[in-house]
Amino acid sequence: MKKYFVLFISLVLVSCDTNTVEVSKTAGQWFRPGENQGKPYEIGSDEHVDIVLEVVRGYAEKNPEAMMKHMADTVKFYPADAPGVFDVPFTSADFIVNRQSNWDSLTREIYYIAPLKISGSAEEGWGTVDTAFKETRYLKDGSVEADEFFEKFVLNNNKIMTVLQWSRPAND
(Lines give C-alpha, C1' and ligand atoms only; values in the text may rest on other atoms or scores of the structure.)
Protein backbone atom coordinates (compact mmCIF):
# COMPACT_ATOMS: atom_id res chain seq x y z
CA MET A 1 0.00 0.00 0.00
CA LYS A 2 2.79 2.38 0.95
CA LYS A 3 4.43 1.73 -2.43
CA TYR A 4 1.22 2.70 -4.31
CA PHE A 5 0.83 5.87 -2.25
CA VAL A 6 4.41 7.00 -3.07
CA LEU A 7 3.79 6.17 -6.75
CA PHE A 8 0.54 8.17 -6.72
CA ILE A 9 2.20 11.23 -5.10
CA SER A 10 5.09 11.00 -7.56
CA LEU A 11 2.68 10.95 -10.52
CA VAL A 12 0.78 13.95 -9.16
CA LEU A 13 3.98 15.95 -8.70
CA VAL A 14 5.31 15.04 -12.14
CA SER A 15 2.03 15.99 -13.81
CA CYS A 16 1.95 19.45 -12.19
CA ASP A 17 2.95 22.18 -14.63
CA THR A 18 4.04 25.55 -13.32
CA ASN A 19 3.58 28.48 -15.67
CA THR A 20 4.99 31.90 -15.02
CA VAL A 21 3.02 34.69 -16.62
CA GLU A 22 4.51 38.15 -16.90
CA VAL A 23 1.89 40.87 -16.53
CA SER A 24 2.53 44.43 -17.61
CA LYS A 25 0.97 46.87 -15.15
CA THR A 26 0.35 50.40 -16.35
CA ALA A 27 -0.78 53.48 -14.47
CA GLY A 28 -0.82 57.23 -14.78
CA GLN A 29 -0.92 59.23 -17.98
CA TRP A 30 1.33 61.45 -20.12
CA PHE A 31 -0.44 64.76 -20.79
CA ARG A 32 1.96 66.77 -22.95
CA PRO A 33 1.03 67.04 -26.63
CA GLY A 34 2.73 64.66 -29.04
CA GLU A 35 2.73 61.01 -30.01
CA ASN A 36 2.75 59.84 -26.37
CA GLN A 37 -0.14 62.01 -25.18
CA GLY A 38 -2.67 59.92 -23.25
CA LYS A 39 -0.37 56.92 -22.84
CA PRO A 40 0.14 55.36 -19.41
CA TYR A 41 3.42 54.67 -17.63
CA GLU A 42 4.87 51.28 -16.74
CA ILE A 43 7.88 50.16 -14.71
CA GLY A 44 11.10 50.88 -16.56
CA SER A 45 14.49 49.27 -16.83
CA ASP A 46 16.65 47.99 -13.97
CA GLU A 47 19.61 48.80 -16.22
CA HIS A 48 18.56 52.45 -16.02
CA VAL A 49 18.40 52.15 -12.22
CA ASP A 50 21.98 50.83 -12.15
CA ILE A 51 23.16 53.71 -14.36
CA VAL A 52 21.51 56.38 -12.20
CA LEU A 53 22.78 54.79 -8.98
CA GLU A 54 26.31 54.88 -10.33
CA VAL A 55 25.91 58.56 -11.26
CA VAL A 56 24.31 59.56 -7.92
CA ARG A 57 26.99 57.71 -5.97
CA GLY A 58 29.78 58.96 -8.25
CA TYR A 59 28.72 62.53 -7.54
CA ALA A 60 28.73 61.89 -3.78
CA GLU A 61 32.18 60.28 -4.01
CA LYS A 62 33.46 63.25 -6.07
CA ASN A 63 34.28 60.81 -8.86
CA PRO A 64 33.35 62.57 -12.13
CA GLU A 65 34.67 59.71 -14.27
CA ALA A 66 32.06 57.35 -12.80
CA MET A 67 29.41 59.83 -13.90
CA MET A 68 30.72 60.90 -17.28
CA LYS A 69 30.60 57.46 -18.89
CA HIS A 70 26.80 57.49 -18.48
CA MET A 71 26.17 61.04 -19.66
CA ALA A 72 25.40 62.25 -23.16
CA ASP A 73 27.99 64.66 -24.58
CA THR A 74 25.61 67.51 -23.67
CA VAL A 75 23.06 67.18 -20.87
CA LYS A 76 20.07 69.46 -20.27
CA PHE A 77 20.38 70.42 -16.59
CA TYR A 78 17.59 72.04 -14.59
CA PRO A 79 19.32 72.80 -11.26
CA ALA A 80 17.41 73.27 -8.03
CA ASP A 81 19.63 76.19 -7.02
CA ALA A 82 19.25 78.36 -10.16
CA PRO A 83 16.40 79.26 -12.50
CA GLY A 84 16.45 78.05 -16.07
CA VAL A 85 17.97 75.20 -18.03
CA PHE A 86 21.62 74.79 -18.96
CA ASP A 87 23.29 72.76 -21.69
CA VAL A 88 26.14 71.15 -19.76
CA PRO A 89 28.99 69.60 -21.75
CA PHE A 90 30.11 66.26 -20.35
CA THR A 91 33.13 65.84 -22.58
CA SER A 92 35.28 66.82 -19.59
CA ALA A 93 34.88 66.81 -15.80
CA ASP A 94 35.13 70.61 -15.53
CA PHE A 95 31.46 71.22 -14.72
CA ILE A 96 31.36 68.68 -11.88
CA VAL A 97 34.73 69.69 -10.42
CA ASN A 98 33.71 73.37 -10.47
CA ARG A 99 30.29 72.66 -8.93
CA GLN A 100 31.92 70.76 -6.04
CA SER A 101 34.91 73.08 -5.56
CA ASN A 102 33.72 74.53 -2.21
CA TRP A 103 33.14 71.15 -0.58
CA ASP A 104 35.52 68.92 1.33
CA SER A 105 33.10 66.02 0.99
CA LEU A 106 29.45 65.10 0.76
CA THR A 107 27.16 62.20 1.54
CA ARG A 108 23.91 61.08 -0.02
CA GLU A 109 21.30 58.98 1.77
CA ILE A 110 19.09 57.56 -0.98
CA TYR A 111 15.41 57.28 -0.03
CA TYR A 112 14.19 55.52 -3.17
CA ILE A 113 14.81 55.08 -6.89
CA ALA A 114 12.13 54.20 -9.45
CA PRO A 115 12.39 53.65 -13.22
CA LEU A 116 9.46 54.55 -15.48
CA LYS A 117 8.74 54.46 -19.20
CA ILE A 118 5.78 55.44 -21.31
CA SER A 119 3.90 52.30 -22.29
CA GLY A 120 4.23 51.56 -25.99
CA SER A 121 6.59 54.48 -26.57
CA ALA A 122 8.05 54.55 -30.06
CA GLU A 123 11.46 55.48 -28.62
CA GLU A 124 13.14 52.19 -27.71
CA GLY A 125 15.64 52.56 -24.85
CA TRP A 126 13.96 55.72 -23.55
CA GLY A 127 12.96 55.99 -19.90
CA THR A 128 13.09 58.08 -16.77
CA VAL A 129 14.40 57.36 -13.30
CA ASP A 130 13.12 59.25 -10.28
CA THR A 131 15.12 59.35 -7.08
CA ALA A 132 14.97 61.16 -3.77
CA PHE A 133 17.79 61.52 -1.29
CA LYS A 134 19.28 63.62 1.48
CA GLU A 135 22.55 65.30 0.57
CA THR A 136 24.87 66.61 3.29
CA ARG A 137 27.71 68.85 2.11
CA TYR A 138 30.77 69.50 4.27
CA LEU A 139 32.20 72.81 3.13
CA LYS A 140 35.86 73.78 3.19
CA ASP A 141 35.08 76.60 5.68
CA GLY A 142 33.89 73.99 8.21
CA SER A 143 30.17 74.60 7.79
CA VAL A 144 27.63 71.91 6.91
CA GLU A 145 24.64 72.15 4.57
CA ALA A 146 21.90 69.57 4.13
CA ASP A 147 19.11 69.42 1.58
CA GLU A 148 16.63 66.82 0.42
CA PHE A 149 16.51 66.36 -3.34
CA PHE A 150 14.13 64.91 -5.85
CA GLU A 151 15.79 64.28 -9.21
CA LYS A 152 14.40 63.03 -12.50
CA PHE A 153 16.85 61.56 -14.99
CA VAL A 154 15.83 61.13 -18.64
CA LEU A 155 17.75 58.41 -20.47
CA ASN A 156 17.93 57.39 -24.09
CA ASN A 157 20.02 54.43 -25.25
CA ASN A 158 21.46 54.12 -21.71
CA LYS A 159 22.82 57.69 -21.72
CA ILE A 160 21.51 60.43 -19.43
CA MET A 161 20.14 63.23 -21.59
CA THR A 162 18.40 65.42 -18.98
CA VAL A 163 18.61 65.97 -15.21
CA LEU A 164 15.85 67.86 -13.40
CA GLN A 165 16.32 68.77 -9.71
CA TRP A 166 14.08 70.01 -6.95
CA SER A 167 15.24 70.57 -3.39
CA ARG A 168 14.23 71.73 0.04
CA PRO A 169 16.12 72.13 3.31
CA ALA A 170 16.53 68.81 5.09
CA ASN A 171 14.34 67.96 8.05
CA ASP A 172 16.85 66.95 10.70
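Just above sits the structure.
What comes next is a walk through the structure.

Calculation notes
- Residues numbered from 1 in each chain as written.
- Predicted model: local features only at pLDDT ≥ 70, side-chain atom pairs only at ≥ 80, totals over all residues.
- Heavy atoms only, no water.
- Buried < 20%, exposed > 50% of the residue type's maximum accessible area, 1.4 Å probe, protein only.
- Helix = DSSP H or I, 4+ residues; strand = E, 2+ residues; numbered from the N terminus.
- Core = buried A, V, L, I, M, F, W, Y, C linked by side-chain atoms within 4.5 Å.
- Contact = heavy atoms within 4.5 Å.
- Pairing = 2+ DSSP bridges.
- Expected span 1.5 Å × (residues − 1).
- Polar contact = N/O pair within 3.5 Å; in protein donor to acceptor, adjacent residues only side chain to side chain.

Moving on, we get to unusual backbone geometry. A positive phi angle, close to 55°, is found at Lys62, a residue other than glycine. A residue is classified by how much of its surface remains accessible, and Lys62, at 32% relative accessible area, is partly exposed. With phi around 50°, Asn157 is a residue other than glycine that occupies positive phi space. Among the structural elements, Asn157 can be located in the loop between β7 (144–156) and β8 (159–169). The class for Asn157 is exposed, based on a relative accessible area of 57%.

Counting 23 residues, the largest nonpolar core has Val52, Met71, Phe90, Phe153, Leu155, Ile160 and Val163 as the members making the most contacts within it. Of all the secondary-structure elements, those providing two or more residues to this core are α2 (46–60), α3 (64–68), β3 (71–78), β5 (103–118), β6 (126–139), β7 and β8. For this core, the element with the highest residue contribution is α2, accounting for 5 residues.

Mapped onto the elements, Thr162 comes out in strand β8. In this structure Thr162 comes out as buried when scored by relative accessible area, which is 15%. Leave out the neighbours within four places in its chain, and Thr162 touches Val75, Lys76, Tyr78, Lys152, Phe153 and Val154.

On to the pairing of β3, then. Where β3 and β8 come together, 4 bridges link them in parallel fashion. Directly across from Met71, in β8, lies its bridge partner Ile160. With 4 bridges joining them, β3 and strand β4 (residues 86–89) adopt antiparallel strand pairing. Looking at β4, one finds that Phe77 is bridged to Phe86.

This brings us to the pairing of β8. Successive residues of a regular strand alternate their side chains across the two faces of the sheet. In this structure, β7 lies alongside β8, joined through 10 bridges in antiparallel fashion. Looking at the pairing, Lys152 lines up with Leu164 of β8. Taking the residues that link successive antiparallel strands as the turn, the β7-β8 hairpin has 2 residues, and the phi of Asn157 there is positive, at about 50°.

Take α2 next. With 15 residues, α2 extends 21 Å between its outermost C-alpha atoms, agreeing within 8% with the 21 Å of an ideal straight helix rising 1.5 Å per residue. The N-terminus of α2 is capped by Ser45, whose side-chain oxygen sits 3.0 Å from the backbone nitrogen of Glu47. Looking one or two places after α2, you find Lys62, whose phi comes out positive at around 55°.

Moving on, we come to the sheet that holds β3. Strand order in the open sheet made by the 8 strands is β1-β2-β5-β6-β7-β8-β3-β4, with mixed pairing throughout. The strands lining the two open edges of the sheet, one partner per strand, are β1 (26–27) and β4.

By themselves these figures say nothing about function.
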